[in-house]
Amino acid sequence: RRSSRSKKIVLSHKAKSSRMLRHCSSWTQLQSRRTAYGQVLFAFARFGTQLQSLSLRTNALQNPLSTPFNHVLSWLCQRRDYYTAASVALSLLDDADAVYDLRGIAKTGDAIGELSIHKGLIDGITPLCIDGGSRVTMTSLADMAVGCLIKGGAEMSSALEGFLLRNELYDASDTCLMLVGAATVAVSQDTSLDLKLTEGQNIVTMLSSVESPKLETIWPVRCLLKMAVVRNCLRSTLLVLNAAIPNELRWRAPQRIGVVSTKRPSLGLFVALVGTILESSNEATRVLLDLLDEESGMPFWFSIEEDTRLALSLLSVHGKYVMIQEPEVRAWALERLKTEIEFPSKHKYHHIHSHLPDEWLREIVSGIFCNAETEIGLGVDSSNVTNANDQSPCYREAMRSIRDLLIPNNRCGLDFDLLIAALLILAHRHKEWREGSATIPTQILLNAVCEMAGKRVESKFVFDSATVLRQCALAENIQAAALIVGGKNGLILECVDLITSKMDIEIKDAETALFAATVNEFKDMMDVIHQNFNLDEESEFTPSGGQFHLLWLLEEHVLSVVKYGEFDSPRNSEKLEPVFVGRLCFRAWYSLTHPTDRSESAKWLESWLRSKLELSDGKSSKRLACAALVRVLLWVDEAGQLDLGDSDEDSILATLLGFDSRFISELAQACCGLIQSIPPHLADEVITGMNHFSFEASGSLLNA
């Protein structure tokens, strides 16, 4: 036995419209042929801005009784004089604004005169009392007014919109059926061109060149949604619309039993329909996604094809990308991005999944910035773009120049999961995040966003840091991962990235060399690696980009220390201590220095440190910074930190880096007397008096 679904009759758009309109009493009355014999309502003429009207009643002498409004309106509609019918109905309802909209008359200082003119239209029609008349009668008249305006088509749609917003008498259910019936016929007559993908094109580029449907096609839906919002019946209205034009709402070809599928509706019609729905109300997006498809029984988002999802996810409403904020759409987008990162497509199509267009990724990034109302989403200042594009040797400096542009200005916040994933793919493809010559580099923008995510900037979207870090690893973007991790571990990764991008060394080995190995072990590892370290032929030593980055870190976290408490952080704390940062940076500096350049490198670095510390003759205004450097460069045995087990006198960073002994002695002299210049375990002994220690005495060993 065949299922009831298979027996379902497939109706044309016109048949659907006829069935709906049968249930509207006002519409059927307008179709009725019972009219007042021999009655001609009026004639009018316009002279400049003056409108003169003449009422004619051919049967007034024979039958002095006036004619009911429904007979008059029906008689006019039978003669397709919808303009006059609508004018009469609106005049009877005393809606002067609607009459002015219908006639195209602008309200001026002579509005009082116009108010009296339009009343001449209703001479000979049974008078109605707006205040004390029957509610049923007034509702019937209002419904017939709606019907007349609908029959008038696109030319009367503006007047219809205003009437639907103002009038409280018409029946919302009947109006819904009439407008959906009109919309069903209108979309079936759409003449928009059906674009097809060409070579090198994708759904996003096709959207930019899509042809919008004519007003004749879309006006019934616009009026329908105006009514649905003002009468608070959006959900039921969309249910009726979904039943009438399910394929147009989903940009799919009709599926008919035993019949070859016809072509899809035009993309422009689909975009206009859904865009009109989304713009109607804040709740419209959720209501649309809750609609069920009669054919598949699936919710809206799961009943549309993949290219439709790509197009729909990018629809903007009043500058906001509302779709990607909805749970099912966001989950789909995250899954697509995840798949793209795991199986990067180098061609148009991949053997496992379709390639995500660069244009779609750019739109997602821009959409997230717009949703958070960031300045970068509204357009960046040229100075910020210049600062980010000036090829600064330290990407941290470029990140700082755009930081304020990324601050959200609403409670929505940034969707870091979507944003970082999209930027990772664009960075992996070496594509700009926004088209145009003057734009912030993708990697710089990605770094800045990752830093914000790592600091847990407030957002309504829960940040899945574990998944995003895995994606950073798959995309081989250590910079992004380091900034998300933050703290000590993040700094280690940051320095690892500087080394691995310059030298042939595994990430794990670089981590061990920077953090876990003793100074002697570190030196031995670097000696092996430096055998394959190519030297750029230059006349004199110049720090590389990675070394300039290390200098920025030193200046930010070591040379700028001004508080004693910055030295005292718990062992497992993520707070960056100046000593910890200094050790990592100096080891990384050594790693990036070619053996033949070590002498010149030490002289250059020593000169730079003297300048930043204002160090001269053993005196400096930055004593705490000097104390931090002494801890880093001279001490080798700090419990719970680096260099455990080193006891060799030569195994200190100062010797390894090749600093001059006079510079080291002046550095020690500048911070003489500060307890912060010695390791904590020795400081405790000094304070308790258990093992007296004179740092001033030890300074004599370093005198040149």
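Up top is the structure.
Residues numbered from 1 in each chain as written. Predicted model: local features only at pLDDT ≥ 70, side-chain atom pairs only at ≥ 80, totals over all residues. Heavy atoms only, no water.

## Quick word on the overall build of the protein chain
Then, in step 1: A count of helices and strands for the protein chain gives 35 helices and two strands.
Then, in step 2: Sequence-distant contacts, at least 24 apart, represent 72% of the contacts inside the protein chain between residues at least 6 apart.
Then, in step 3: Surface exposure of the protein chain reaches about 34000 Å², of which carbon and sulfur atoms provide 51%. (Helix = DSSP H or I, 4+ residues; strand = E, 2+ residues; numbered from the N terminus. Contact = heavy atoms within 4.5 Å. Areas by Shrake-Rupley, 256 points an atom, 1.4 Å probe, with all protein chains shown as cover.)

## Re the environment of Lys14
Then, in step 1: Structurally, Lys14 can be placed in helix H1 (residues 13-22).
Then, in step 2: We classify Lys14 as exposed; its relative accessible area is 64%.
Then, in step 3: In this structure, the C-alpha to C-alpha distance between Lys14 and Ala186, residues 172 residues apart in sequence, is 9.4 Å. (Buried < 20%, exposed > 50% of the residue type's maximum accessible area, 1.4 Å probe, protein only.)

## Focus on the environment of Thr542
Then, in step 1: Within the secondary structure, Thr542 sits in the loop between helix H27 (519-529) and helix H28 (545-557).
Then, in step 2: It is 9.1 Å that separates the C-alpha atoms of Thr542 and Glu600, two residues lying 58 residues apart in sequence.

## A look at helix H22 (residues 442-454)
Then, in step 1: The first and last C-alpha atoms of H22 sit 18 Å apart over 13 residues, in line with the 18 Å expected at 1.5 Å per residue.
Then, in step 2: Of all 13 residues in H22, eleven are buried, a share of seventy percent or more.
Then, in step 3: Of the positions making up H22, those classed as buried are Thr442, Ile444, Leu445, Leu446, Asn447, Ala448, Val449, Cys450, Glu451, Met452 and Ala453.
Then, in step 4: Against helix H17 (358-371), helix H18 (375-378), helix H20 (395-402), helix H21 (416-428) and helix H24 (478-485) lie the buried residues of H22. (Expected span 1.5 Å × (residues − 1).)

## Topic: the nonpolar core
Then, in step 1: Ranked by internal contacts, the top residues of the largest apolar core, which has 139 residues, are Trp360, Phe369, Ile420 and Leu445.
Then, in step 2: Ranked by the residues each element gives to this core, the list is headed by H21, at eleven residues.
Then, in step 3: Ranked by size, the runner-up nonpolar core spans 68 residues in total, among them Met503, Val581, Val632 and Leu667. (Core = buried A, V, L, I, M, F, W, Y, C linked by side-chain atoms within 4.5 Å.)

## Side note on the packing of helix H7 (residues 135-151) against helix H9 (residues 172-188)
Then, in step 1: The contact between H7 and H9 brings their axes to 10 Å, and the two run at 10°. One finds that H7 runs roughly parallel with respect to H9. On H9, the residues touching Asp143, Val146, Gly147 and Ile150 of H7 are Asp174, Thr175, Met178, Leu179 and Ala182.
Then, in step 2: Its residues assigned to classes, the contact of H7 with H9 shows five nonpolar, two polar and two charged. (Axes fitted to C-alpha atoms, helices over the stretch in contact; angles between N-to-C directions. Parallel < 35°, antiparallel > 145°, perpendicular 65-115°, else oblique. Nonpolar A, V, L, I, M, F, W, Y, C, P; charged D, E, K, R; others polar.)

## Quick look at the pattern of salt bridges
Then, in step 1: For the coordinates displayed, the defined rule picks out 32 salt bridges.
Then, in step 2: With a shortest N-O distance of 2.8 Å, Arg252 and Asp293 are connected by a salt bridge. Of this pair, Arg252 sits in the loop between helix H12 (234-244) and helix H13 (267-280) while Asp293 sits in the loop between helix H14 (284-290) and helix H15 (306-312), and the two are 41 residues apart along the sequence. By the burial criterion, Arg252 is buried, and Asp293 matches it.
Then, in step 3: Members of the salt-bridge network, linked through shared partners, are Arg235, Arg286, Asp290, Glu326 and Glu328. (Salt bridge = Lys/Arg side-chain N within 4 Å of Asp/Glu carboxyl O.)

## With respect to the side chain of Asp143
Then, in step 1: With respect to the helices, strands and loops of the structure, Asp143 is situated in helix H7.
Then, in step 2: Arg231 is the oppositely charged side chain nearest to the buried, salt-bridge-free Asp143, at an N-O distance of 7.2 Å. (Lys, Arg positive; Asp, Glu negative; His and termini not counted.)

## Overview of H12
Then, in step 1: Here H12 has its buried residues at Leu234, Thr237, Leu238, Leu241, Asn242 and Ala244. Down the axis, H12 shows its buried residues gathered within 160° of arc, on one side only. (Arc of directions from axis to C-beta.)

## Digging into the packing of aromatic side chains
Then, in step 1: Scanning the entire structure with this criterion turns up 13 aromatic pairs.
Then, in step 2: When the centroid spacing of 5.9 Å and the interplanar angle of 75° are considered together, the rings of Phe369 and Trp433 count as edge-to-face. Separated by 64 residues along the polypeptide, Phe369 in helix H17 and Trp433 in the loop between H21 and H22 bring together distant segments of the chain.
Then, in step 3: Among the residues examined, Trp433 registers a relative accessible area of 0% and is labelled buried. (Phe/Tyr/Trp six-rings, centres within 6.5 Å; stacked < 30°, edge-to-face > 60°.)

## Considering the packing of helix H16 (residues 327-342) against helix H23 (residues 465-474)
Then, in step 1: Relative orientation of the contacting elements H16 and H23 amounts to 30°, with a least axis distance of 9 Å. Our classification of the angle between H16 and H23 gives roughly parallel. Relative to H23, H16 is oriented so that their crossing is left-handed. On the side of H16, the interface is formed by Lys338, Ile341 and Glu342, while H23 contributes Arg470, Gln471 and Leu474.
Then, in step 2: Across the contact of H16 with H23, the residue classes tally to two nonpolar, one polar and three charged. (Left-handed = near helix turned anticlockwise from the far one by under 90°.)

## Quick look at the side chain of Glu326
Then, in step 1: Position of Glu326 relative to the elements: it lies in the loop between H15 and H16.
Then, in step 2: In this structure the side chain of Glu326 is engaged in a polar contact, spanning 2.9 Å, whose partner is the side chain of Arg286.
Then, in step 3: Leaving out residues up to four positions away in the same chain, Glu326 has contacts with Thr285, Arg286 and Leu289. (Polar contact = N/O pair within 3.5 Å; in protein donor to acceptor, adjacent residues only side chain to side chain.)

## Observations regarding the state of the cysteines
Then, in step 1: The final tally for this structure, using the stated rule, is zero disulfides.
Then, in step 2: The thiol sulfur of Cys472 is not disulfide-bonded, and the nearest other cysteine sulfur, from Cys450, lies at 5.2 Å.
Then, in step 3: Exposure remark for Cys472: the relative accessible area of 1% places this residue in the buried category. (Disulfide = S-S within 2.5 Å.)

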